[in-house]
Amino acid sequence: MRLSELSGKEIVDLKRAERLGVLGQTDLEIDETTGHIKAFIIPTMKWFGFKRQGAEIKVPWHHIKKIGADMIIIDIHEEPPYMNRK
């Protein structure tokens, strides 16, 4: 799957039934040797659409359960240690 096919999809946490962000407003962690996506990095603090210093959610690729036409469903088993403070 290409990045252009992922762009604009909502990222939804299955466990918490919560919208985390929209791909395109996120950063990606990419493996430099293979070019594969390792994780989505989703900023959680925004102010009028601009990123601010604050928390971020790092979602490893293996936590993605389903990519649909409109959204990406993730399932993270642990509680917010996956949230990193900058």
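Quick look at the structure, then. Source: prediction; values computed, not measured.

## Section: the sheet that holds strand 8 (residues 64-67)
Step number 1: With respect to topology, four strands assemble into an open sheet ordered 2-1-9-8, the strand pairing being mixed. Every interior strand has two partners, whereas the edge strands, strand 2 (18-22) and strand 8, have only one. Shown here is a sheet whose adjacent strand axes are inclined to one another by a mean of 25 degrees, direction ignored.
Step number 2: Of the pairings in the sheet, the one linking strand 1 (residues 10-13) to strand 9 (residues 71-74) comprises four bridges and is parallel in character. The partner of V12 across the bridge, within strand 9, is I73.

The rules behind these values
Residues numbered from 1 in each chain as written. Predicted model: local features only at pLDDT ≥ 70, side-chain atom pairs only at ≥ 80, totals over all residues. Heavy atoms only, no water. Pairing = 2+ DSSP bridges. Helix = DSSP H or I, 4+ residues; strand = E, 2+ residues; numbered from the N terminus. Axes fitted to C-alpha atoms, helices over the stretch in contact; angles between N-to-C directions.

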